[in-house]
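Inside the fold
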Amino acid sequence: MHADPEPTYSRPVETKVKAMTLTAYLSGVAGMAVLQAVSADPSMISFLPDWVEAILLPLVPTALAAVAGWQARHTPRPDLPDSQR
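Before going into details, it helps to say that this report is about the structure given with it. Since we're looking at a predicted model, the values are computed, not measured. (Residues numbered from 1 in each chain as written. Predicted model: local features only at pLDDT ≥ 70, side-chain atom pairs only at ≥ 80, totals over all residues. Heavy atoms only, no water.)

With respect to the overall build of the protein
- A tally of regular secondary structure across the protein gives two helices and zero strands.
- A burial count over the protein gives 13% of its 85 residues as buried.
- A separation threshold of at least 6 residues defines the contact pool for the protein, and within that pool the share at least 24 residues apart is 79%.
- On the protein, roughly 7200 Å² of surface is accessible, and the fraction owed to carbon and sulfur atoms is 67%. (Helix = DSSP H or I, 4+ residues; strand = E, 2+ residues; numbered from the N terminus. Buried < 20%, exposed > 50% of the residue type's maximum accessible area, 1.4 Å probe, protein only. Contact = heavy atoms within 4.5 Å. Areas by Shrake-Rupley, 256 points an atom, 1.4 Å probe, with all protein chains shown as cover.)

Focus: a nonpolar patch on the surface
- A cluster of nonpolar side chains, contributed by Leu22, Tyr25, Leu26, Val29 and Met32, occupies part of the molecular surface with about 510 Å² of accessible area.
- Position of Tyr25 among the secondary structure elements: in helix α1 (residues 15–40). (Patch = residues over 30% accessible without salt bridge, like charges linked within 9 Å, V, L, I, M, F, W, Y side chains within 5 Å. Salt bridge = Lys/Arg side-chain N within 4 Å of Asp/Glu carboxyl O.)

Concerning α1
- Compared with an ideal rise of 1.5 Å per residue, which puts 26 residues at 38 Å, α1 spans 38 Å between its outermost C-alpha atoms and is within 8% of the ideal.
- Of all the residues in α1, the buried ones are Lys16, Ser27 and Val38.
- Taken together, the buried residues of α1 touch α2 (50–71). (Expected span 1.5 Å × (residues − 1).)

Examining the environment of Leu57
- Along the polypeptide, Leu57 turns up in helix α2.
- Among the residues examined, Leu57 registers a relative accessible area of 41% and is labelled partly exposed.
- With 22 residues separating them in the primary sequence, Leu57 and Leu35 have C-alpha atoms 9.2 Å apart.

A closer look at α2
- For α2, which comprises 22 residues, the first-to-last C-alpha distance of 32 Å matches the rise-based estimate of 32 Å (1.5 Å per residue) to within 8%.
- On its buried face, α2 is in contact with α1.

Some remarks on the side chain of Lys16
- Of note, Lys16 is situated in helix α1.
- A distance of 2.6 Å separates a polar side-chain atom of Lys16 from the backbone oxygen of Gly69.
- Residue contacts for Lys16: discarding those within four places in its chain leaves Gly69, Trp70, Ala72, Arg73 and His74. (Polar contact = N/O pair within 3.5 Å; in protein donor to acceptor, adjacent residues only side chain to side chain.)

Right, dumping it as structure tokens:
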């Protein structure tokens, strides 16, 4: 027959996920502020080739989020078996 469905209960959001999300958001906002400043004075990044700018600008929030996730502690999950913790 059919197996019983898994019970529905609220699982905590891991600290790593919270840290990465917040860092990605804040660095994205900061990046937009920098881009607005640069649009007023393009000489600030004119030394970079256009293709480098296109690759580098999205990498900054990504790298900061990765570092934040790496630094944050794991959220304990006592509801999982020992083999999955």
